[in-house]
Amino acid sequence: MAEAVNNDKRLKDNGKVQLNQELGLLSSVGIIVGSIIGSGIFISPIGVLSNTGSIGLSLVVWTSCGIISTLGALAFAELGTSIPKSGAEYAYLYEAFGSLPAFVFAWVKIFANRPSSQAVVCLTFSEYALSPFFDACGPPLLIKKLLAASVLALLGAINCYDVKAVAKIQVVFTGLKLLALSIIIMGGVVHLSKGNLEYFDNAFSGSTDDPSKIALAFYSGFWAFGGWNYLNLATEEVKDPTRTLPRAIWISLPLVTIFYLLTNISYFAVISKTELLASTTTGVVRYVLSYL
């Protein structure tokens, strides 16, 4: 038992136990990029476009979401280097306001916020993973739920097992996510290279001036960028967090923003605004890939 504990923890000179610092720059970038890129880039474009009313304004919203998320991540990097404790918001609330606000935040996060968001992510994964094996009606809801629950349980078990294993898996899956988006972007580039620019004519035509709709568009965009704060959950496991945290953020957030913008441009290159709003997420991706 002692050996198992020592694999993940070590004693400080003063006798306290702390987590091993296993996460380098590459693993840190993998955690941030891998946590951000997910179902959001396939779901949110429809929500952003429906609320902005135009292709041009939707791209402005995506860019703004990336910039604001980067600023938020840099603020968290400052907190992470000032309060080098794992737990992110919980640790910072505990230090600033005491145990009660920190406990309430953690309770809401654990029992409401995170389970609901992970359920959406896993169900979206099930939709994409199972769609090739079923007709246009899609897979049955029960099968989607069973696959989503199985994936969630598997990932939870891996996270409980070993930090190093999780870091390696995270890097691999981050690479696969970027590869998938690159393939989608290539489909759009191929179509644009043939001179098909008609959907970008009058790109700002139909733009809304309703503040509530613009706010909803930003909400959809920010949901796709969710995860920029996740590295702070493991601050104590990051090697040299004072340098690694900000460097990982400066690499990750601009990278994700560029990929998101190029992915949206690929969507708009091959499908009209009306068709995009009437499509399912899987339908849009298939349409883009048909141009490769």
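It should be emphasised that the depicted structure is a prediction, and the values quoted were computed from it without experimental measurement. (Residues numbered from 1 in each chain as written. Predicted model: local features only at pLDDT ≥ 70, side-chain atom pairs only at ≥ 80, totals over all residues. Heavy atoms only, no water.)

J.: If you had to explain the nonpolar core to someone new, which residues and values would you point to?
T.: Across soluble globular proteins, nonpolar side chains have a tendency to be buried as a group. Counting residues in hydrophobic clusters, the biggest one holds 34 residues, and the most contacted among them are F225 and Y260. Listing elements by their share of this core, those giving two or more residues are α2 (25-36), α3 (40-52), α4 (55-82), α8 (163-193), α9 (211-224) and α10 (241-270). Considering each element in turn, this core owes the most residues, eight residues, to α10. Core analysis: the second largest hydrophobic core is formed by eight residues, L49, A269, I271 and L276 among them. (Core = buried A, V, L, I, M, F, W, Y, C linked by side-chain atoms within 4.5 Å. Buried < 20%, exposed > 50% of the residue type's maximum accessible area, 1.4 Å probe, protein only. Helix = DSSP H or I, 4+ residues; strand = E, 2+ residues; numbered from the N terminus.)

J.: Can you explain the side chain of S44? Please cite residues and give values.
T.: Topologically, S44 is positioned in helix α3. Ignoring sequence-local partners within four residues, the contact set of S44 consists of W62, S220, W223 and A224. (Contact = heavy atoms within 4.5 Å.)

J.: Before we move on, can you summarise unusual backbone geometry with the specific residues and values?
T.: Look at N202: it is not a glycine, yet its phi comes out positive at around 50°. You can call N202 exposed: its relative accessible area is 66%. The backbone of D240 shows a phi angle near 50°, a positive value even though the residue is not glycine.

J.: Give me the lowdown on the side chain of K144, citing residues and values where you can.
T.: Structurally, the position occupied by K144 is in helix α7 (residues 141-161). What K144 contacts, discounting residues up to four positions off in sequence, is L123, S126, E127, L130 and P139.

J.: Requested: an account of the environment of I32, with residues and values cited.
T.: Here I32 shows up in helix α2. Here I32 falls in the buried class, since its relative accessible area comes to 0%. The spatial distance from the C-alpha of I32 to the C-alpha of L231 is 6.2 Å, given a sequence separation of 199 residues. The residues touching I32, leaving out its near neighbours within four places in the chain, are G227, W228, L231, A248, I249, S252 and L253.

J.: Hey, could you go over the packing of α3 against α9 for me, with residue numbers and the actual values?
T.: Running from N to C, α3 and α9 cross one another at 170°; their axes reach a closest spacing of 8 Å. It follows from the interaxial angle that α3 and α9 lie roughly antiparallel. Residue-level inspection shows G40, I41, I43, S44, G47, V48, N51 and T52 of α3 in contact with α9, the latter providing K213, L216, A217, S220, G221, W223 and A224. Across the contact of α3 with α9, the residue classes tally to seven nonpolar, seven polar and one charged. (Axes fitted to C-alpha atoms, helices over the stretch in contact; angles between N-to-C directions. Parallel < 35°, antiparallel > 145°, perpendicular 65-115°, else oblique. Nonpolar A, V, L, I, M, F, W, Y, C, P; charged D, E, K, R; others polar.)

J.: So what's going on with the packing of helix α6 (residues 99-130) against α7? Residues and values would help.
T.: Between α6 and α7, whose axes approach to 8 Å, the crossing angle comes to 120°. On the basis of their axis angle, the class for α6 and α7 is oblique. Between α6 and α7 the crossing geometry is right-handed. Every residue of α7 that contacts α6 at Q118, C122, L123, F125, S126, E127, A129 and L130 is listed here: I143, K144, K145, L147, A148, V151 and L152. Of the residues contributing to the contact of α6 with α7, the split by class is 10 nonpolar, two polar and three charged. (Left-handed = near helix turned anticlockwise from the far one by under 90°.)

J.: A description of α3 should follow, citing residues and the corresponding values.
T.: For α3, with 13 residues, the first-to-last C-alpha span of 17 Å sits near the 18 Å given by 1.5 Å per residue. The buried count for α3 comes to 11 of 13 residues, which makes it a mostly enclosed element. Inspection of α3 places G40, I41, F42, S44, P45, I46, G47, V48, L49, N51 and T52 among the buried residues, and these make up the whole buried set. G53 sits one or two residues past α3 and shows a positive phi near 85°. (Expected span 1.5 Å × (residues − 1).)

J.: Any details on the environment of L233? Residues and values, ideally.
T.: Position of L233 relative to the elements: it lies in the loop between α9 and α10. Sequence separation between L233 and K85 is 148 residues; the distance between their C-alpha atoms is 8.1 Å. Excluding anything up to four places from it in sequence, L233 contacts S86, G87 and A88.

J.: I'd like a description of the pattern of salt bridges, backed by residues and values.
T.: Scanning all chains against the criterion turns up three salt bridges. Note that E127 and K144 form a salt bridge whose closest N and O atoms lie 2.7 Å from each other. In this pair, E127 sits in helix α6 while K144 sits in helix α7, placing the two residues 17 residues apart along the sequence. Judged by its relative accessible area of 15%, K144 is buried. A salt bridge links R243 to D240, with the nearest nitrogen and oxygen atoms 3.9 Å apart. Take R243: its relative accessible area is 49%, and that puts it in the partly exposed class. (Salt bridge = Lys/Arg side-chain N within 4 Å of Asp/Glu carboxyl O.)

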